[in-house]
Amino acid sequence: MDLIADNLPAYLNGFRLTLQLTLLAGALALVVGTVLAALRVSPLPTLRGAAVAWVELLRNTPLTLVFFFLVFVAPQFGILPPLGFWTAVIALSAYTSAFVCEAVRSGINGVPVGQAEAARAIGLTFGQTLGLVVLPQAVRSVVPPLINVLIALAKNTSVAAGFAVVELTAAGRRVALANPAEAIQALAGVAVFYLVLTIPAGYLAGVLERKVAFAR
Amino acid sequence: MSSVLYDQPGPRARRRERIGSVAGALALIVLLALAYRYAEQRGLFGADRWDVLYDPPKNQTAEDVWRSMVVVGLGATLRAAVVAAPLALVLGLVLAMWRTTRIGWLRAPATVVIELFRGLPVLLMMLFALLGFGWDAFAAVVFGLTVYNMAIIAEILRAGLASLPRGQSEAAAAIGLSRWQTMRLVLLPQAVRTMLPSLVAQLVVLLKDSSLGFIVGYPELLKAMQNNAQYFGNRYYVALFVLGAGTYLVVNLSLTRLAVWLQGRSARTAGRSGTDPALTAAAAATAGGGPGGTGSAV
């Protein structure tokens, strides 16, 4: 425990960076993913196709490969993403947007068909049907899976450790490498910080899920 | 393609849609054309950027390059996944059964193990094995993949068990099967079949996560890309990336297709055998799995 206490500033700095990455990339991914989901249910085939391509491409690509692209490949054709933090934000939000899109889309599909039919029957347009009737109901059932997506994002920020961002995992690795005899304690300290983030969030998702299920 | 969100379009709406569709397509084409011009101006399509794939410099043959990527690199990626996947499945099965035993205090350790490993990044667990236990890179990758995915698989199977109608275990008890026989002969086969799509989707996640080996020094596909680029020159990064990323997409998309196909199949058979497909779908959703699996992906 002394080891963690001695290196507490390093852990806290790493933890702050992990939080910043999660919040920034999470916010961006929520916006982009929701737009993508709207495109995927839109009546315009080209836009649907583009959104499907984006989602399928990123869902079947490892996150490490996205980082690899931004850090090593993109500079080869003149795109120099600012190294470190912002590269990580771009990679994480692009990757997570695909999963947000899927969560939102399955939420839209989960709204009973009769709701949309009724909205159409009283003459609402596509935009009104979606905005006034379907989405408000979809949001309720989408929140728990979205929290799960954000939990996955919080864990995924650790990939940035491999690409010059000293977030929580990288901070822990430094401490572990500096104290090889106590590497397990050093990494256990990292684990505690992640669990502080992920377990309550997972609990919240479970509670909300039961609530929504009960209301239906 | 019809949707409840909008009517079968009439002539005017169809015209509007066509206009919108063309406008959208035009916008996309303009974007792509701009990207193409940008890339061309930087010589991205010159032969000196791509000849590594068919006529590499430094007296190497194209066969060497492809072999180092598709055979050696992908081979190492698959080897880690192929060792970790059965381990994760077996341990996940054990954990799932452990967590559903009837004696409350016995369940607690399984719950702790599952919650612990589910809430930690895979990379951190690889580092535990690498730095904490002093294992080599391959063992570290397999360890990380195994402990993370066994927790997720345990949750998937638990959701599958929970989705079975109570009558199944009651009927098994009625004909005199023991707890263990009920589990082995009646409940597990159904739970596994219900959750097969989620399980395959989780295997895609496992395969994707093996790329974290790049960070802990395991020479897999990404490392093969980097090694080639460093040997032949950085200008080949684009060509090598296209080959490497294409390899990943081919493997993962085939596995995803398999999951979708299995889902269609199990939905059909479930309908026939009288299990409520909606219940099954709901269970798949709560497990955070399914081909749309979100909760657990790296």
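Counting from 1, residues in each chain are numbered in the order their sequence is written. Working convention: letters from A go to chains and numbers from 1 go to ligands, in the order in which they are written. In view of the model being predicted, local features appear only for residues whose pLDDT reaches at least 70, and side-chain atom pairs are presented and counted only at 80 or more, with totals across whole chains, interfaces and linings using the full set of residues. To get the side-chain values, all heavy atoms of the structure are used, and hydrogens and water are removed first.

Some remarks on the pattern of salt bridges
Close approach of charged atoms allows side chains of opposite charge to pair.
Residue and element names in this part refer to chain B.
So, step 1. When a carboxyl oxygen of Asp or Glu lies within 4 Å of a side-chain nitrogen of Lys or Arg, that pair is called a salt bridge. Evaluated as defined, the whole model comprises 7 salt bridges over all chains.
So, step 2. The partner of Glu115 in a salt bridge is Arg118, with the nearest N and O atoms 3.5 Å apart. You can see Glu115 and its partner Arg118 sitting in helix H4 (residues 104-118), 3 residues apart, about one turn around the helix.
So, step 3. For every residue, the accessible area (1.4 Å probe, protein chains only) is compared with the maximum for its type, and the residue is labelled buried under 20%, exposed over 50%, or partly exposed between those bounds. The exposure class of Arg118 is partly exposed, given its relative accessible area of 29%. Secondary structure is summarised from DSSP: a helix means a run of H or I of at least four residues, a strand means a run of E of at least two, and numbering begins at the N terminus for each.

Digging into unusual backbone geometry
So, step 1. With phi around 65°, Ala164 of chain A is a residue other than glycine that occupies positive phi space.
So, step 2. For Ala164 of chain A, the location among the structural elements is in the loop between helix H7 (126-156) and helix H8 (168-178).

Points about the packing of helix H2 (residues 8-40) of chain A against H7 of chain A
If you want to describe how two helices pack, look at the angle between their axes and the distance between the axes.
Residue and element names in this part refer to chain A.
So, step 1. For helices, the fitted axis covers only the stretch in contact; all axes are lines through C-alpha atoms, and the angles between them, taken along N-to-C directions, range from 0 to 180 degrees. Between H2 and H7, the shortest axis-to-axis distance is 9 Å and the interhelical angle comes to 135°. Classed by the angle they form, the pair H2 and H7 counts as oblique. Seen along the crossing, H2 lies across H7 with a hand that is right-handed. Residue-level contacts link Thr18, Thr22, Ala25, Gly26 and Leu30 of H2 to Leu146, Leu150, Leu153 and Ala154 of H7.
So, step 2. Of the residues in the contact of H2 with H7, the class split is 6 nonpolar, 3 polar and no charged. Angular relationships are summarised with four words: roughly parallel below 35 degrees, roughly antiparallel beyond 145, roughly perpendicular across 65 to 115, and oblique for the angles in between. Put simply, a crossing is left-handed when the front helix is turned counterclockwise from the back one by less than a right angle, and right-handed when it is turned clockwise. Residues are treated as being in contact if the distance between any of their heavy atoms lies within 4.5 Å. Ten residue types, Ala, Val, Leu, Ile, Met, Phe, Trp, Tyr, Cys and Pro, are classed as nonpolar, four, Asp, Glu, Lys and Arg, as charged, and the remainder, Gly among them, as polar.

Notes on the interface of chain B and chain A
So, step 1. Counting from both sides, the interface comprises 58 residues of chain B and, opposite them, 63 residues of chain A.
So, step 2. Buried area: the accessible area, evaluated with a 1.4 Å probe, that two parts lose upon being put together, summed over both parts. Taken together, the two surfaces of chain B and chain A that pack against each other cover about 5,100 Å², and 71% of this comes from carbon and sulfur.
So, step 3. The interface formed by chain B and chain A holds 0 salt bridges in total.
So, step 4. Contributing elements (two or more residues each) for the side of chain B that touches chain A: helix H1 (11-41), H4, helix H5 (122-132), helix H8 (179-209), helix H9 (213-216), helix H10 (221-232) and helix H11 (237-273) of chain B.
So, step 5. In terms of residues, the side of chain B that touches chain A owes the most to one element, H11 of chain B, which gives 10 residues.
So, step 6. A class-by-class count of the residues in the side of chain B that touches chain A yields 34 nonpolar, 15 polar and 9 charged.

A word on the layout of surface pockets
So, step 1. Put simply, the second largest pocket is a space of about 1,300 Å³.
So, step 2. The definitions used throughout rest on a 1 Å grid laid over the protein atoms alone, on which a cavity is an enclosed set of points accommodating a 1.4 Å probe that cannot get out and a pocket is an open set flanked by protein within 12 Å on both sides along at least five of seven lines; lining residues are those having an atom within 4 Å of a point. If you go around the second largest pocket, you meet 34 residues; those closest to its centre are Trp54, Leu57, Phe69 and Phe77 of chain A together with Leu32 of chain B.
So, step 3. Examining the composition of the lining of the second largest pocket, we find that 7 residues originate from one element, H1 of chain B, more than from any other. Grid points are joined across faces, edges and corners, and a volume is the space filled by probe spheres set on the points.

As for the confidence of the model for chain B
Residue and element names in this part refer to chain B.
So, step 1. Note on scores: pLDDT gives the predictor's confidence for each residue, bounded by 0 and 100. Residues with a pLDDT of 70 or more make up 86% of chain B, whose mean pLDDT is 82.
So, step 2. A low-confidence stretch, residues 274-298 stays under pLDDT 50, and its non-local contacts, those more than four residues away or across chains, total 52 contacts.
So, step 3. Scored by ipTM, the complex comes to 0.86, with pTM at 0.83.

So, the side chain of Ser163 of chain B
Residues and elements named next belong to chain B.
So, step 1. With respect to the element layout, Ser163 can be found in helix H6 (residues 137-163).
So, step 2. The class of Ser163 is buried, set by a relative accessible area of 9%.
So, step 3. Contacts described as polar in this section are N or O atom pairs within 3.5 Å, which, within protein, must combine one atom able to donate a hydrogen with one able to accept it, while residues neighboring in sequence count only if both atoms come from side chains. From its side chain, Ser163 meets the backbone oxygen of Gly160 in a polar contact 2.8 Å long.

Concerning H8 of chain B
So, step 1. The length a helix should cover is 1.5 Å for every residue beyond the first. Its 31 residues place the ends of H8 of chain B only 36 Å apart at the C-alpha level, less than the 45 Å of an ideal helix rising 1.5 Å per residue.
So, step 2. Two axes are fitted around each residue, one to the seven residues ending there and one to the seven starting there, and the angle between them is reported as the bend at that residue. Maximal helix bending in H8 of chain B amounts to about 60°, located at Leu196 of chain B; proline Pro197 of chain B follows within four positions.

A short note on a nonpolar patch on the surface
Residues and elements named next belong to chain A.
So, step 1. Exposure above 30% relative accessible area and the absence of a salt bridge qualify a residue for a patch, where like charges join within 9 Å and nonpolar side chains (Val, Leu, Ile, Met, Phe, Trp, Tyr) within 5 Å. Values of accessible area rely on a 1.4 Å probe in the Shrake-Rupley scheme; residue burial ignores everything except the protein chains shown. Nonpolar side chains collect at one region of the surface, where Val31, Val32, Val35 and Trp54 lie side by side and expose about 340 Å² of accessible area between them.
So, step 2. Top contributing element to the nonpolar patch by residue count: H2, with 3 residues.
So, step 3. With respect to the helices and strands, Val32 occurs in helix H2.
So, step 4. Judged by relative accessible area, Val32 falls into the partly exposed class, the value being 35%.

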